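# Observations on chain architecture
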Amino acid sequence: MPAHIWDKVKDHPCYSEEAHHYFARMHVAVAPACNIQCNYCNRKYDCANESRPGVTSEKLTPEQAARKVAAVAAKVPQLSVLGIAGPGDSMFDWRHTSATFREVSKLMPDLKYCVSTNGLALPDHVDELAEHNIDHVTITINMIDPEIGALIYPWIYFKGKRYTGIEGARILHERQMEGLERLTEKGILTKINSVMIPGINDQHLIEVNKAIKARGAFLHNVMPLISDAAHGTAFGLSGQRGPKPAELKDLQDKLAGGANLMRHCRQCRADAVGMLGEDLSQDFTLDKIPEAPS
Ligand code: CLF
Ligand code: SF4
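The structure contained in this document is the topic of the report that follows. (Residues numbered from 1 in each chain as written. Chains lettered and ligands numbered in written order. Predicted model: local features only at pLDDT ≥ 70, side-chain atom pairs only at ≥ 80, totals over all residues. Heavy atoms only, no water.)

### Looking at the overall build of the protein
- Secondary structure assignment for the protein yields eight helices and 10 strands.
- In terms of C-alpha radius of gyration, the protein reaches 18 Å, essentially the compact-globule figure of 19 Å for 294 residues.
- When burial is assessed residue by residue, the protein has 58% of its 294 residues classed as buried.
- Counting only contacts in the protein whose residues sit at least 6 apart along the sequence, the fraction spanning at least 24 positions is 76%.
- In the protein, which carries 33 positive and 36 negative side-chain charges, the distance between the mean positions of the two groups comes to 2 Å. (Helix = DSSP H or I, 4+ residues; strand = E, 2+ residues; numbered from the N terminus. Rg over C-alpha atoms; globule rule 2.2 N^0.38 Å. Buried < 20%, exposed > 50% of the residue type's maximum accessible area, 1.4 Å probe, protein only. Contact = heavy atoms within 4.5 Å. Lys, Arg positive; Asp, Glu negative; His and termini not counted. Charge placed at Lys NZ, Arg CZ, Asp CG, Glu CD.)

In structure tokens:
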């Protein structure tokens with residue numbers, strides 16, 4: 001691996017399987033707004049692109065988020081990455097996302113920054129991502145064929161207008177590809193999350209893997225759809241099952257030789273704190289972190 005890339009992945013627990021044994025990440029839930037509807041999303045909970053449905057996060061202001069990051073850093077010395085993964089979309093809610101990075105960088109200039117997005121608003125912010133030194137961007141890409149996209153996304157909201165069906169899915173697809181290409185040109189590392197939905201996009205993810213590899217994606221993370229029996233079904237995918245572990249493994253084996261696969265994802269919540277697979281979020285709720293100095 002070239003040295004300039006190794007430098008960006010060596011202490012990022014999601015981008016390096018090795019690093020996840022030694023480094024921790026935290027998310028701050030500062031971005032509630034979203035500009036698309038995924039059929040697997042339940043808007044009462046966190047963005048299912050990077051998080052488990054069925055858990056809500058405490059929404060923070062950028063200033064509260066910065067205090068929380070400082071409190072975690074004081075108690076979790078392995079903390080190396082701050083991610084914004086919802087509960088909505090970090091790029092559509094760019095005002096909250098960018099204000100948070102600004103506030104945090106005043107207190108913690110050495111932290112790595114990471115964002116996760118559905119990609120629709122991404123091309124509008126690539127230059128600013130580079131200016132904020134954000135080296136890691138995750139895009140959730142579930143299809144490259146708008147006919148399949150129409151089964152996953154009932155609508156998108158783009159430049160003041162709502163688009164539905166194949167037309168909406170085509171715009172989303174074009175914006176995702178444009179965003180990925182522009183991030184690659186800027187040297188920003190990208191990870192693509194794909195939610196595997198049996199019978200809808202499972203075999204199609206082989207084509208997705210080829211398309212993202214061709215556009216320079218660093219990692220591909222195929223995540224199983226988590227069906228949310230306890231809270232009612234996700235929007236529009238009533239009764240849809242998630243893949244069995246053997247089906248996920250079978251798909252991952254078929255993807256070998258394509259874009260590099262991430263296999264250690266723990267599908268974190270939008271306010272996760274700690275090593276991957278560990279959840280300290282309840283130790284750092286707002287009532288437990290120090291007040292702002294007056
Ligand atoms: Fe968070 Fe995502 Fe950044 Fe990691 S999580 S924004 S890339 S710092 Fe990691 Fe969690 Fe999987 Fe995401 S294990 S859900 S891949
Ligand atoms: Fe929900 Fe999809 Fe928006 Fe995430 S991107 S909040 S899963 S609709």
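### Regarding the packing of aromatic side chains
- Taken as a whole, this structure holds two aromatic pairs when the rule is applied.
- For the ring pair Phe101 and Tyr113, a centre distance of 4.7 Å and an interplane angle of 45° mean the geometry is tilted. On the criterion of sequence distance, the pair formed by Phe101 in helix H3 (residues 94–107) and Tyr113 in strand S4 (residues 112–117) is long-range, its members being 12 residues apart. With respect to class, Phe101 is no different from Tyr113; both count as buried. (Phe/Tyr/Trp six-rings, centres within 6.5 Å; stacked < 30°, edge-to-face > 60°.)

### Comments concerning the environment of Leu122
- Structurally, Leu122 is set in the loop between S4 and helix H4 (126–131).
- When the C-alpha positions of Leu122 and Glu178 are compared, they lie 8.5 Å apart, and in sequence the two are 56 residues distant.
- Setting aside residues no more than four positions away along its own chain, Leu122 makes contact with Met91, Thr117, Leu129, Val137, Ile139, Gly179, Leu180 and Leu183.

### What to know about the site of ligand 1
- Every one of the 16 residues lining ligand 1 counts as a neighbour, but Cys14, His27, Glu50, Cys114 and Cys268 are closest to it.
- With respect to the pocket detection grid, ligand 1 is positioned in the largest cavity.
- For the shell around ligand 1, the class distribution of residues is seven nonpolar, five polar and four charged. (Near = heavy atom within 4 Å. 1 Å grid on protein atoms, 1.4 Å probe; cavity = no way out; pocket = protein on both sides within 12 Å on 5 of 7 lines; lining within 4 Å. Sits in = over half its atoms within 2 Å of the grid points. Nonpolar A, V, L, I, M, F, W, Y, C, P; charged D, E, K, R; others polar.)

### Structural notes on the sheet that holds strand S1 (residues 24–27)
- Here seven strands make up an open sheet; going across it, the order is S9-S8-S5-S4-S3-S1-S10 and the pairing mixed. The sheet is open, and its two edges are formed by strand S9 (219–224) and strand S10 (273–274), each paired on a single side.
- Lying over the sheet, helix H2 (residues 62–75) contacts S1, strand S3 (79–84) and S10, oriented at roughly 155° with respect to S3. (Pairing = 2+ DSSP bridges. Axes fitted to C-alpha atoms, helices over the stretch in contact; angles between N-to-C directions.)

### Here we look at the side chain of Gln267
- Here Gln267 lies in the loop between helix H8 (245–255) and S10.
- Within polar-contact distance, the side chain of Gln267 engages the backbone oxygen of Pro224 at 3.3 Å.
- Gln267 has contacts with Glu50, Ser51, Arg52, Met223, Pro224 and Ile226, leaving out every residue within four places of it along the chain. (Polar contact = N/O pair within 3.5 Å; in protein donor to acceptor, adjacent residues only side chain to side chain.)

### Brief notes about the layout of surface pockets
- Put simply, the largest pocket is a space of about 170 Å³.
- Contributing to the lining of the largest pocket are Asp7, Lys8, Pro109, Asp110, Leu111, Lys112, Tyr113, His132, Asn133 and Asp135.
- When residues of the lining of the largest pocket are traced back to their parent elements, those giving at least two are helix H1 (3–9) and S4. (Points joined across faces, edges and corners; volume = space filled by probe spheres on them.)

Worth remembering: the numbers are spatial, not functional.
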